[in-house]
Amino acid sequence: MAHTRMHTLDPALSRTEPLGHGLRLRAWDAGSDTDAETWLRGCMDPEFQRWNTPLKLWTDLAGARESLRARARDAADGRSASFRITDDVGGTTLGHIGVNEISRQMKVARVGYWVLPEARGKGVATRALLLASRWAFAEIGLHRLELGHAVGHDASCRVAERSGYVAEGTLREAMFEAGRHDAFRDVHLHARLTTDEEPTAPTPR
């Protein structure tokens, strides 16, 4: 498995490109029209909006660019790493995965992901999560990765389980309801430790 080596949380978080399982994880570019348009399309997708409510709601290209700029700033400060999931041969964008809320002291972070409609059903989310998890453990030195999804999001639950993220329980009203900041819903919490066995990745389809 090839990786760009990374030993500390520094601005290089925004430049690393983990490679494996038929995928390459690349940094998003807020200055790229194509990246901004893809980010907008992914975040406006009805399935994404059904299960996710960003802290700042936006619906246009300007909002998408600002969202990507904010993620780039977080990566430069070592708080997170946001990746564009791409095919390792053609470079086609398939979705997004992030290692977020990185705590150096506790060696823990939270992961999140979404896949574009045309790339679903091909094991992309599972393969990307396995790749990002291996990178976070081996290259950043994290001990624990957490994954939360809204109760009822069965597809995300399956991705978590296939990627070795053990279900640890239900967090009451820990996530916003779809499209709202004044109502909450329960969350299933999964987690994986660096000492857990890494599952076998599904074959790219």
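Up top is the structure these notes are about.
None of these values were measured; they are calculated from a predicted model.

K.L.:
Can you tell me about the side chain of Ser133, naming the residues and giving the values?
P.N.:
If you trace the backbone, Ser133 turns up in helix α4 (residues 124-140). Only 2.6 Å separates the side chain of Ser133 from the backbone oxygen of Leu129, close enough to count as a polar contact.

K.L.:
I'd love a proper account of helix α5 (residues 154-162), names of residues and values included.
P.N.:
Residues of α5 that are buried: Ser156, Cys157, Val159 and Ala160. Buried residues of α5, seen end-on, are gathered within an arc of 160 degrees and therefore sit on one face of the element. Exposed side of α5, more than 90 degrees from the buried face: Asp154 and Arg162 are the residues found there. Where α5 is buried, its residues meet β5 (108-115), α4, β6 (144-150) and β8 (184-193). With its phi angle positive at about 85 degrees, Gly164 sits one or two positions after the end of α5.

K.L.:
Could you give me a rundown of helix α1 (residues 33-44), with the residues and numbers involved?
P.N.:
The end-to-end C-alpha separation of α1 is 16 Å, in line with the 16 Å expected for 12 residues at 1.5 Å each. Taken together, the buried positions of α1 are Asp35, Ala36, Thr38, Trp39, Leu40, Gly42 and Cys43. Residue Ser32 occupies the N-cap position of α1, its side-chain oxygen lying 3.3 Å from the main-chain nitrogen of Thr34.

K.L.:
For the pattern of salt bridges, give the residues involved together with the corresponding values.
P.N.:
As enumerated under the stated definition, the model contains 17 salt bridges in all. The closest approach of N and O atoms between Arg144 and Glu146, which form a salt bridge, is 2.8 Å. For Glu146, a relative accessible area of 17% puts it in the buried group. Between Arg192 and Glu198 there is a salt bridge; the shortest N-O distance is 3.8 Å.

K.L.:
A description of the packing of α4 against α5 should follow, citing residues and the corresponding values.
P.N.:
At a minimum axis distance of 9 Å, the contact between α4 and α5 shows a crossing angle of 45 degrees. With respect to α5, the axis of α4 lies oblique. The handedness of the crossing between α4 and α5 is right-handed. Touching Ala125, Thr126 and Leu129 of α4 are Val159, Ala160 and Arg162, all from α5. Classifying every residue of the contact of α4 with α5 gives 4 nonpolar, 1 polar and 1 charged.

K.L.:
I'd like to hear about the sheet that holds strand β2 (residues 23-27), residue by residue, with values.
P.N.:
Reading across from one edge, β1-β2-β3-β4-β5-β6-β8-β7 is the order of the 8 strands in this open sheet, with mixed pairing throughout. Two strands lie at the open edges of the sheet, namely β1 (19-20) and β7 (166-176), each paired on one side alone. Where α4 meets the sheet, it contacts β1, β2, β3 (81-87), β4 (93-103), β5, β6 and β8, and its direction lies at approximately 35 degrees from that of β4. α5 contacts β5, β6 and β8 of the sheet and is inclined by roughly 160 degrees relative to β6.

K.L.:
Can you explain the pairing of β3? Please cite residues and give values.
P.N.:
Of all 7 residues that make up β3, 6 are buried, and the element is covered over most of its length. Where β2 lies against β3, 5 bridges are found, and the strand directions are antiparallel. In the strand pairing of β3, Leu23 is matched with Asp87. Taking the residues that link successive antiparallel strands as the turn, the β3-β4 hairpin has 5 residues, and the phi of Gly91 there is positive, at about 80 degrees.

K.L.:
Could you give an account of the environment of Asp88, naming the residues involved and the relevant values?
P.N.:
Secondary-structure assignment places Asp88 in the loop between β3 and β4. Contacts of Asp88, omitting those with residues within four sequence positions, involve Leu19, Gly22, Leu23 and Arg24.

Conventions and cut-offs
Residues numbered from 1 in each chain as written. Predicted model: local features only at pLDDT ≥ 70, side-chain atom pairs only at ≥ 80, totals over all residues. Heavy atoms only, no water. Helix = DSSP H or I, 4+ residues; strand = E, 2+ residues; numbered from the N terminus. Polar contact = N/O pair within 3.5 Å; in protein donor to acceptor, adjacent residues only side chain to side chain. Buried < 20%, exposed > 50% of the residue type's maximum accessible area, 1.4 Å probe, protein only. Arc of directions from axis to C-beta. Contact = heavy atoms within 4.5 Å. Expected span 1.5 Å × (residues − 1). Salt bridge = Lys/Arg side-chain N within 4 Å of Asp/Glu carboxyl O. Axes fitted to C-alpha atoms, helices over the stretch in contact; angles between N-to-C directions. Parallel < 35°, antiparallel > 145°, perpendicular 65-115°, else oblique. Left-handed = near helix turned anticlockwise from the far one by under 90°. Nonpolar A, V, L, I, M, F, W, Y, C, P; charged D, E, K, R; others polar. Pairing = 2+ DSSP bridges.

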